[in-house]
Amino acid sequence: MDGLPLSPGVYRFLDRLGTVLYVGKAKALRKRVLSYFSGHALAPHIQVMLTQAVGLEITVTGSENDALVLEANLIKRFRPRYNLLLKDDKSYPWLYLATEHPFPRLSMHRGGRQEKGRYFGPYPSSQAVRETLREIQRLFPIRQCSDKFFSVRQRPCLQYQIKRCSAPCDHRVRPEQYAGWVRDVTLFLEGKDRQLKAVLTQAMWEASERMAFEEAAHIRERIKAVDHVQEQRRINVEGHADLDVVAVAGEAGIFAVQVFFVRAGINLGNRAFFPENTEGLELEKVMGAFLEQFYTQGSAMPPPRILVNVLVSEQGWLGSVLTQLRCGRVEIVQPQRGPQKQILEMAVLNARQALSSYVSRSVSNRRLLLELAGVVGHKREIQRVEAYDISHIHSNQVVGSMVVFTEHGFQKGAYRSFNLDDPVLTDDTARMARVLQRRFASGSKGVAQGERPDLLLLDGGLGQLHAALSVASQLQLEGVVFLAVAKGDGSCERLFLPDASEPIILKSDSALLYLVQNIRDEAHRFAVGLHRKRRKNEQTKSVLDQVEGIGPKRKQQLLRHFGSLRAIRAAKPEELSGVPGIAPGLADKIYQFLHKDD
């Protein structure tokens, strides 16, 4: 230990297999690591971790801020079992206005924001984005269809008929009028209500002076609708238009974190998080770890101000890192009075309510899993159920799915998909065997981390069950109960166990039957979704994909410019080279490829 540097950095405790047990950051590595062995009181889960740790790795960083960011990234990468973990670290959706198009489209967007245009958000969920889009469609007839759909339309679609779009694809609207609606939408999403109302009022009076009373009446109704919508969404935050409100609540080692997203004074929505591995932690530790992972793993860009109900010990350090990430000052504050205190109290109330529902649901699920263990004769408590299914149409685009269920519900971050296009796999029984071989092969994801199921649920009858048992025998898989579920006569379900002479038939009103059906149906839903996605990708393939040098972006530019593959085929090389990104040499290559059979 004395050889450790006093520099800032990150340390990792490892078990005998080299698996990362815990990741931590330090301003001075030697002092921080020695503190684990100095006799001071440690959290129970850290004491257990130290009994399993046999190795230590360190990474020296150039600054304390770099150490904090690296720690968050390593936690995301290794998901150590003794670190607090966020269950959902996906990117958050934005509203994207594609201003480069003559008739800009408003749509939901995830991922990087490299494309030119305006981005509004982030929103807490895709549902919040869709609700906002519906509100905007009722107020302003801006198109939401894709550019590809827009380029091939020859007459208005249903959205025009129900007055949710102005049909620019069919030239039903003047460009200057559409540009005015785009300006109004921008003001609406920026929360500039006064400016928007002034613009609409001016347009209403101008329509009245032209004796266009029907148009003036429509604008008047739009003003009323905008006032009504914004009144429901607006929050008084005392001049701080952009902020996040983060509240944490805990009970018996289980914690809920509620986050409210406020942008331009508008409440975009809220979302609850339930961090893992929190036993023995205090509110302050949970809040600090949550803020660190939530903002430094790319989940959400920090706003200028973050309201919290619990201040963290490393607040200055964390604030410095978030300021660096945002390229602008970020404050972490706990308001004591005023409107910001009121919205924080609302977030705390929501966090407590979410925690109560989560605990209640977990208790119910645990009771049902205990009951299921008794029904299938499992000697230990069932903590993890994995369910599998196969989906295809006439053996095309065959996929397999795996879903995971615990006492805390479905763990969507642990779901897995399997492509099964091997022609040797002639039926679903062989495909299920292949899925299980890939799932439980040595070194595969989950097995290496010790995440084996207690019960494995198969959608199918005895054929699927025998295939699973054969794989289990080959891989010497022990301690796992195999259960197949198949529909029987009428609406009953039959449960098949390996050594049972007769299937188990649960009562039709049994809560346990509903649980088994729910898990089976989730595996089926996930499999069907994967299959549909693959089938859609296959259908959208183009002959242009076979041209060397043509990627998705250039293909999109060609289709947007010419409107269809037929028009591209009819174009001369000089016309093809007129498309941005298509050099004369590439244009000749495209022309020769499309006419090679002429």
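For the structure, see preceding data.
Residues numbered from 1 in each chain as written. Predicted model: local features only at pLDDT ≥ 70, side-chain atom pairs only at ≥ 80, totals over all residues. Heavy atoms only, no water.

Asks: Just to check I follow, could you spell out the packing of helix H3 (residues 64-78) against helix H10 (residues 283-296) for this structure?
Replies: Their axes nearest at 9 Å, the elements H3 and H10 cross at an angle of 85 degrees. With respect to their mutual orientation, H3 and H10 come out roughly perpendicular. Residue-level contacts link Leu68, Glu71, Ala72, Asn73 and Ile75 of H3 to Glu292, Gln293 and Thr296 of H10. (Axes fitted to C-alpha atoms, helices over the stretch in contact; angles between N-to-C directions. Helix = DSSP H or I, 4+ residues; strand = E, 2+ residues; numbered from the N terminus. Parallel < 35°, antiparallel > 145°, perpendicular 65-115°, else oblique. Contact = heavy atoms within 4.5 Å.)

Asks: Looking at this structure, how should I read the sheet that holds strand S5 (residues 106-109)?
Replies: Hydrogen bonds between backbone groups are what pair the strands of a sheet, and the pairing can be parallel or antiparallel. If you walk across this open sheet you meet the three strands as S5-S4-S6, and the pairing is antiparallel. For this open sheet the edge positions go to S5 and strand S6 (118-120), each flanked by a neighbour on one side alone. Ignoring strand direction, the axes of neighbouring strands in this sheet form an average angle of 30 degrees. The sheet strands contacting helix H4 (residues 126-139) are strand S4 (94-97) and S5, and the helix crosses S5 at an angle near 175 degrees. (Pairing = 2+ DSSP bridges.)

Asks: Looking at this structure, how should I read the nonpolar core?
Replies: If you look at soluble globular proteins, the nonpolar side chains tend to sit buried side by side. Among the nonpolar cores identified, the biggest contains 72 residues, and Phe140 and Val246 are the most heavily contacted of them. If sequence neighbours within four positions are ignored, valine 246 has contacts with Val257, Gln258, Val259, Met287, Phe290, Leu291, Tyr295, Ile306, Leu307, Val308, Asn309 and Leu344. In this structure, Ile382, Leu497, Leu512 and Phe526 belong to the second largest nonpolar core, which totals 29 residues. (Core = buried A, V, L, I, M, F, W, Y, C linked by side-chain atoms within 4.5 Å. Buried < 20%, exposed > 50% of the residue type's maximum accessible area, 1.4 Å probe, protein only.)

Asks: Hey, could you run me through the pattern of salt bridges in this one?
Replies: Once the charged atoms of two side chains with opposite charge are near each other, the side chains can pair. Following the criterion strictly, the structure yields 27 salt bridges and no others. The partner of glutamate 57 in a salt bridge is arginine 12, and the shortest N-O contact between them spans 3.3 Å. Remark: arginine 12 occurs in strand S1 (residues 9-14) and glutamate 57 occurs in strand S3 (residues 55-60); sequence separation between them is 45 residues. The exposure class assigned to arginine 12 is buried, which follows from its relative accessible area of 10%. Residue lysine 25 pairs with glutamate 71 through a salt bridge whose shortest N-O separation is 3.4 Å. Taken as a pair, lysine 25 in strand S2 (residues 20-26) and glutamate 71 in helix H3 lie far apart in primary sequence, 46 residues in all. Each of the two residues, lysine 25 as well as glutamate 71, counts as buried. Several salt bridges converge on common partners, so that one network encompasses Lys25, Glu71, Glu292 and Glu314. (Salt bridge = Lys/Arg side-chain N within 4 Å of Asp/Glu carboxyl O.)

Asks: When you look at a positive patch on the surface in this model, what are you seeing that I'm missing?
Replies: A surface patch of like charges, here positive, comprises Arg110, Arg130, Arg134 and Arg138. For arginine 130, a relative accessible area of 40% translates into the label partly exposed. (Patch = residues over 30% accessible without salt bridge, like charges linked within 9 Å, V, L, I, M, F, W, Y side chains within 5 Å. Areas by Shrake-Rupley, 256 points an atom, 1.4 Å probe, with all protein chains shown as cover. Lys, Arg positive; Asp, Glu negative; His and termini not counted. Charge placed at Lys NZ, Arg CZ, Asp CG, Glu CD.)

Asks: Please explain the environment of leucine 56 as it appears in this structure.
Replies: Here leucine 56 is to be found in strand S3. Among the residues examined, leucine 56 registers a relative accessible area of 30% and is labelled partly exposed. A C-alpha to C-alpha distance of 23 Å links leucine 56 and leucine 281, two positions 225 residues apart in sequence.

Asks: What am I meant to see in the packing of H10 against helix H11 (residues 315-326) here?
Replies: In a packed pair of helices, the relevant descriptors are the angle between the two axes and the axis-to-axis distance. The interhelical angle for the contact between H10 and H11, taken along N-to-C directions, is 10 degrees, at an axis separation of 11 Å. In terms of axis orientation, H10 runs roughly parallel to H11. Of the residues in H11, those touching H10 at Gly288, Leu291, Glu292, Tyr295 and Thr296 are Leu318, Val321, Leu322 and Leu325. By residue class, the composition of the contact of H10 with H11 is six nonpolar, two polar and one charged. (Nonpolar A, V, L, I, M, F, W, Y, C, P; charged D, E, K, R; others polar.)

Asks: I keep staring at the environment of tyrosine 388 and nothing clicks. Help me out?
Replies: If you trace the backbone, tyrosine 388 turns up in strand S12 (residues 385-393). Residue class for tyrosine 388 comes out buried when judged on its relative accessible area of 0%. Taking C-alpha positions, tyrosine 388 is 29 Å from leucine 84, a pair spaced 304 residues apart along the chain. Apart from residues no more than four positions distant in its own chain, tyrosine 388 is found in contact with Ser401, Met402, Met432, Val435, Leu436, Arg439, Phe440, Leu456, Leu457, Leu458, Asp459 and Ala523.

Asks: Sorry, what's going on with the side chain of arginine 12 here?
Replies: Engagement of the side chain of arginine 12 in a polar contact is seen with the side chain of threonine 59, the distance being 3.1 Å. Once residues within four sequence positions are removed from consideration, arginine 12 is found in contact with Val20, Tyr22, Val23, Gly55, Leu56, Glu57, Ile58, Thr59, Leu74 and Phe78. (Polar contact = N/O pair within 3.5 Å; in protein donor to acceptor, adjacent residues only side chain to side chain.)

Asks: Before we go on, may I ask you to explain unusual backbone geometry in this structure?
Replies: Negative phi characterises most residues that are not glycine, and trans characterises most peptide bonds. Cis geometry is found at the peptide bond from glycine 121 to proline 122, where omega equals 0 degrees. For proline 122, the position within the fold is in the loop between S6 and H4. Although it is not a glycine, glutamine 397 adopts a positive phi angle of roughly 50 degrees. Summarising the element assignment, glutamine 397 is placed in strand S13 (residues 396-406). Exposure remark for glutamine 397: the relative accessible area of 19% places this residue in the buried category.

Asks: Honestly, the side chain of threonine 278 in this entry has me stumped. Any pointers?
Replies: By the element assignment, threonine 278 lies in the loop between strand S9 (266-273) and H10. Judged by its relative accessible area of 4%, threonine 278 is buried. Side-chain polar atoms of threonine 278 contact the backbone oxygen of glycine 253, separated by 2.7 Å. Not counting the four nearest positions on each side in its chain, threonine 278 is found in contact with Leu84, Gly253, Ile254 and Phe255.

Asks: Please clarify how the packing of aromatic side chains should be interpreted in this entry.
Replies: Aromatic ring pairs: the centre-centre distance and the angle between the two ring planes describe each pair. Tallied over the full model, the rule gives 18 aromatic pairs. An angle of 25 degrees between the planes, with centres 4.7 Å apart, marks the rings of tyrosine 96 and tyrosine 119 as stacked. Note that tyrosine 96 is positioned in strand S4 and tyrosine 119 in strand S6, a separation of 23 residues in sequence. Accessibility classification places tyrosine 96 together with tyrosine 119 in one group, the buried group. Relative to tyrosine 358, the ring of phenylalanine 274 lies with its centre 4.1 Å away and its plane at 5 degrees, an arrangement referred to as stacked. One end of the pair, phenylalanine 274, is in the loop between S9 and H10; the other, tyrosine 358, is in helix H12 (residues 338-376), and 84 residues separate them in sequence. Both residues of the pair, phenylalanine 274 and tyrosine 358, belong to the buried class. The structure contains a cluster of three or more aromatic residues connected by ring pairs, namely Tyr92, Phe261, Phe273, Phe290, Phe294 and Tyr295. Taking the ring centre of tryptophan 317 as reference, the NZ or CZ of lysine 25 above it sits at 5.5 Å. Above the ring of phenylalanine 150, the side-chain terminus of arginine 143 is found at 4.4 Å from the ring centroid. (Phe/Tyr/Trp six-rings, centres within 6.5 Å; stacked < 30°, edge-to-face > 60°. Lys NZ or Arg CZ within 6 Å of the ring centre and 35° of its normal.)

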